[in-house]
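Observations on chain architecture
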Amino acid sequence: MELEKYKKLVKKAEDFKSTVTSDPYRLNYHLMPKTGVLGDPNGLCQVNGLYYVGYVHTPIKFVVDGRAACVWKQCTTKDFVHYKEHPIHIYPDSRYDRDGVYSGSMIYENGKFYTYYTGNVRHKGNHDYITSGREQNVVRVESEDGIHFDNKTLLMTNDDFPKHLTQHVRDPQLFKYDGSYYMVLGARTLDDEGCVIVYKTDDLKTFTDVHEITTEEKFGYMWECPDILELNGKMYLFTCPQGIAHEEYRYQNAHQCGAFLIDGDFRKDYKIRSFQQFDYGFDFYAARTMLDESGRIILFGWIGMPESTYGTGPTSKFGWDQCLSMPREISEKDNHIYQKPLRELKALRKSHKTYKDILSENSLSFEMNINLEKETDLSITLRKDCTLNYDASTKVLVLDMGTCGDGRTTRKMKLENLSNLTVFSDTSTLEVFVNDGYATMSTRIYDLNNRIEVKSNSISIEFYELDSFKFE
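As a starting point, this report considers the structure included with it. Note on numbering: residues in each chain are counted from 1, in written sequence order. Predicted model: local features are reported for residues with pLDDT of at least 70 only, side-chain atom pairs are reported and counted for 80 or more only, and whole-chain, interface and lining totals are derived from all residues. Working from all heavy atoms in the structure, the side-chain values ignore hydrogens and water.

**A few points about the sheet that holds strand β33 (residues 470–471)**
DSSP calls a pair of strands paired once it identifies at least 2 bridges connecting them. By the criteria applied, helices consist of DSSP H or I runs no shorter than four residues and strands consist of E runs no shorter than two, each listed in order from the N terminus. Across the sheet, 6 strands lie side by side as β19-β1-β2-β3-β4-β33; this open sheet has mixed pairing. Edge positions in the open sheet fall to β19 (320–321) and β33, since each of these has one partner strand only. Bridging between strand β2 (residues 50–58) and strand β3 (residues 71–77) involves 7 bridges; their strand directions are antiparallel. Bridging from a neighbouring strand, G54 pairs with Q74 of β3.

Printed below as a string of structure tokens:
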């Protein structure tokens with residue numbers, strides 16, 4: 001799309017947003033768009049103490065008919081509480097990305113930022129947009145400051161990818177391992193099997209094919225948002241498989257997000273071990289990570305779910321929808337990945353109360369930590385009729401959205417024991433951390449009743465009201 005035309009549409013969206021007199025679902029401590037729809041987190045890195053948190057963004061979503069091309073937007077922060085929002089830094093303004101600046105990654109090398117992304121192109125005509133009618137190009141832009149990017153360069157097209165793949169090859173993730181840089185791309189084969197393609201580069205511009213990573217048995221038809229990283233001396237492939245059969249206690253969403261354990265060297269001899277699902281709620285996808293300067297691996301997810309039955313939420317009438325998850329520190333123990341809220345988020349706490357067995361409070365923006373002193377049932381009611389219940393006899397944790405889900409119903413997971421639960425509530429999100437981050441449940445929620453009720457036996461509760469992010 002022509003750059004000036006796109007900017008005029010952004011202005012139209014901003015003008016519409018300015019006419020909205022009230023917006024009760026705007027979030028306090030989650031990154032969200034001013035207008036349009038937010039998508040995958042991207043371009044995560046830390047340089048000289050400053051964190052760069054980017055995301056796919058479609059600011060014109062609600063002012064155009066049909067499909068709308070997305071851009072890249074980003075914020076910077078030093079503490080994950082105080083943020084600076086920056087202007088759009090990658091537009092769909094070239095022949096190679098005219099229908100959308102899709103997901104990718106950013107690295108810092110030799111005093112310069114390099115961003116890699118998928119440039120999406122859709123051709124008109126009678127196409128299935130799987131084997132024909134689509135281009136998914138690897139494109140790179142450069143920056144001296146991580147804010148202003150130029151020198152848009154086409155690096156790879158579908159013609160450069162292995163011939164047994166469809167035209168669905170996207171989401172380049174660059175990472176450094178063993179002194180060299182590698183790039184992984186999510187892909188779909190002509191046999192409708194998901195896989196990841198691994199490339200190596202010495203100059204950050206030209207890439208050589210290393211090989212393909214997949215499972216022995218088919219596991220979905222497409223793997224999006226791939227990333228390979230080392231945790232506790234083990235290698236993991238993070239990805240989002242599409243096309244997994246739903247089960248009663250897992251894989252309940254339209255698409256999945258999680259990680260495979262890689263046994264062996266991902267560059268040659270390897271085996272893929274079992275897949276761990278990251279989140280058991282309704283809205284968590286496209287997880288991306290960064291390694292910060294203190295050695296932590298920090299994860300953001302998209303609090304959204306592509307191709308879900310519930311689609312966009314009530315916030316769309318206010319000109320925006322969807323957000324990023326809270327930033328989470330990840331760790332590994334016994335071949336399992338744990339997620340915990342970043343310690344920096346404790347700075348949001350405004351007050352502290354303690355309870356025993358029973359809690360009755362009123363709040364929309366809070367953190368609630370529940371510790372169970374013995375195996376027991378637990379019942380939590382939030383808003384009008386959203387419930388979170390653990391049955392110690394059946395060992396099942398159930399999130400029931402009641403009438404607060406706008407199409408979201410129930411999610412449940414098997415849990416051999418429940419020792420603690422942390423609930424983060426924001427105006428229109430819930431993020432639940434189970435057993436010190438062994439599992440999470442994330443969802444949007446749409447009800448402004450601020451009721452909180454907790455009932456159990458032999459539990460202790462810490463309750464904090466939470467403040468908002470601060471923006472320059």
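From this point, the discussion proceeds with the structure in view.
**Side note on the sheet that holds strand β11 (residues 194–201)**
Strand order in the open sheet made by the 4 strands is β9-β10-β11-β12, with antiparallel pairing throughout. Of all strands in the sheet, those bounded by a partner on one side alone are β9 (165–177) and β12 (208–213). Direction aside, the axes of adjacent strands within the sheet are offset by 25° on average. Alignment of β11 against β12, held across 5 bridges, turns out to be antiparallel. Across the sheet, V196 pairs through a bridge with I213, a residue of β12. Interaxial angles span 0 to 180 degrees and are taken between N-to-C directions of axes, which are lines fitted to C-alpha atoms, for helices over the stretch in contact.

**As for the layout of surface pockets**
Put plainly, a pocket is an open set of points on a 1 Å grid over the protein atoms alone with protein on both sides within 12 Å along at least five of seven lines, a cavity is a set where a 1.4 Å probe fits but cannot get out, and a lining residue has an atom within 4 Å of a point. Grid points are joined across faces, edges and corners, and a volume is the space filled by probe spheres set on the points. If you add up the space inside the largest pocket, you get close to 1,500 Å³. For the lining of the largest pocket, the secondary-structure elements that each account for two or more residues are β1 (36–47), β2, β5 (101–109), β9 and β13 (222–231). Of the residues forming the lining of the largest pocket, the biggest block, 4 residues, is contributed by β1. Polarity classes work like this: nonpolar for Ala, Val, Leu, Ile, Met, Phe, Trp, Tyr, Cys and Pro, charged for Asp, Glu, Lys and Arg, and polar for all others, with Gly in that last group. Residues belonging to the lining of the largest pocket are distributed by class as follows: 17 nonpolar, 14 polar and 16 charged. Roughly 730 Å³ of volume is contained in the second largest pocket. The set of elements that each furnish at least two residues to the lining of the second largest pocket consists of β1, β5, β9, β13, β17 (285–291) and β21 (328–333). Here the lining of the second largest pocket takes 6 residues from β5, the largest share from any one element.

**A short note on the nonpolar core**
Among the nonpolar cores identified, the biggest contains 87 residues, and F238, M368, I370, I380 and L421 are the most heavily contacted of them. The contact definition used throughout considers only heavy atoms, calling two residues in contact when any of these lie within 4.5 Å. Aside from chain neighbours lying at most four places away, what touches I370 is L378, I380, S419, N420, L421, V454, I459, S460 and I461. Residue types Ala, Val, Leu, Ile, Met, Phe, Trp, Tyr and Cys, when buried and joined through side-chain atoms within 4.5 Å, form a set referred to as a nonpolar core. Accessible area is worked out with a 1.4 Å probe on protein chains only. A residue is then buried under 20% of its type maximum, exposed over 50%, and partly exposed in between. Ranked by size, the runner-up nonpolar core spans 19 residues in total, among them L165, Y181, M183 and I197.

**A short note on helix α1 (residues 3–18)**
Multiplying 1.5 Å by the helix residue count minus one yields the expected span of that helix. Taking 1.5 Å per residue, 16 residues should reach 22 Å; α1 reaches 23 Å between its end C-alpha atoms and fits that length. Turning to α1, its buried residues are Y6, L9, V10, A13 and K17. Each buried residue of α1 lies within a common arc of 105° when the element is viewed along its axis, so the set occupies one face. For α1, the exposed residues set more than 90 degrees away from the buried face come down to E4, K8 and S18. Directions from the helix axis toward the C-beta atoms define the arc.

**Digging into unusual backbone geometry**
The phi torsion at D192 lies on the positive side, around 60°, for a residue other than glycine. Its location among the elements puts D192 in the loop between β10 (180–189) and β11. At C225, a residue that is not glycine, the phi angle is positive and equals roughly 50°. Assignment of secondary structure puts C225 in strand β13. When its relative accessible area of 1% is taken as the criterion, C225 is described as buried.

**Observations regarding the packing of aromatic side chains**
Two rings belonging to Phe, Tyr or Trp (six-membered ring only in the last case) form a pair when the distance between their centres is within 6.5 Å. Interplanar angles under 30 degrees mark stacking, angles over 60 mark edge-to-face geometry, and anything in between is tilted. Applying the stated criterion to the full structure yields 26 aromatic pairs. Judged by centre distance (6.0 Å) and plane angle (25°), the rings of F175 and Y182 are stacked. Judged on exposure class, the residue F175 and its partner Y182 are both buried. Linked through ring pairs, F219, W223, Y251, F260 and F275 together constitute an aromatic cluster. Looking at R26, its charged tip hangs above the ring of W320, at a distance of 4.7 Å from the centre. The residue whose ring lies beneath K414 is Y249, and the NZ or CZ to ring-centre distance is 5.3 Å. Here, a charge over a ring means that NZ of Lys or CZ of Arg falls within 6 Å of the ring centre while also lying within 35 degrees of the ring normal.

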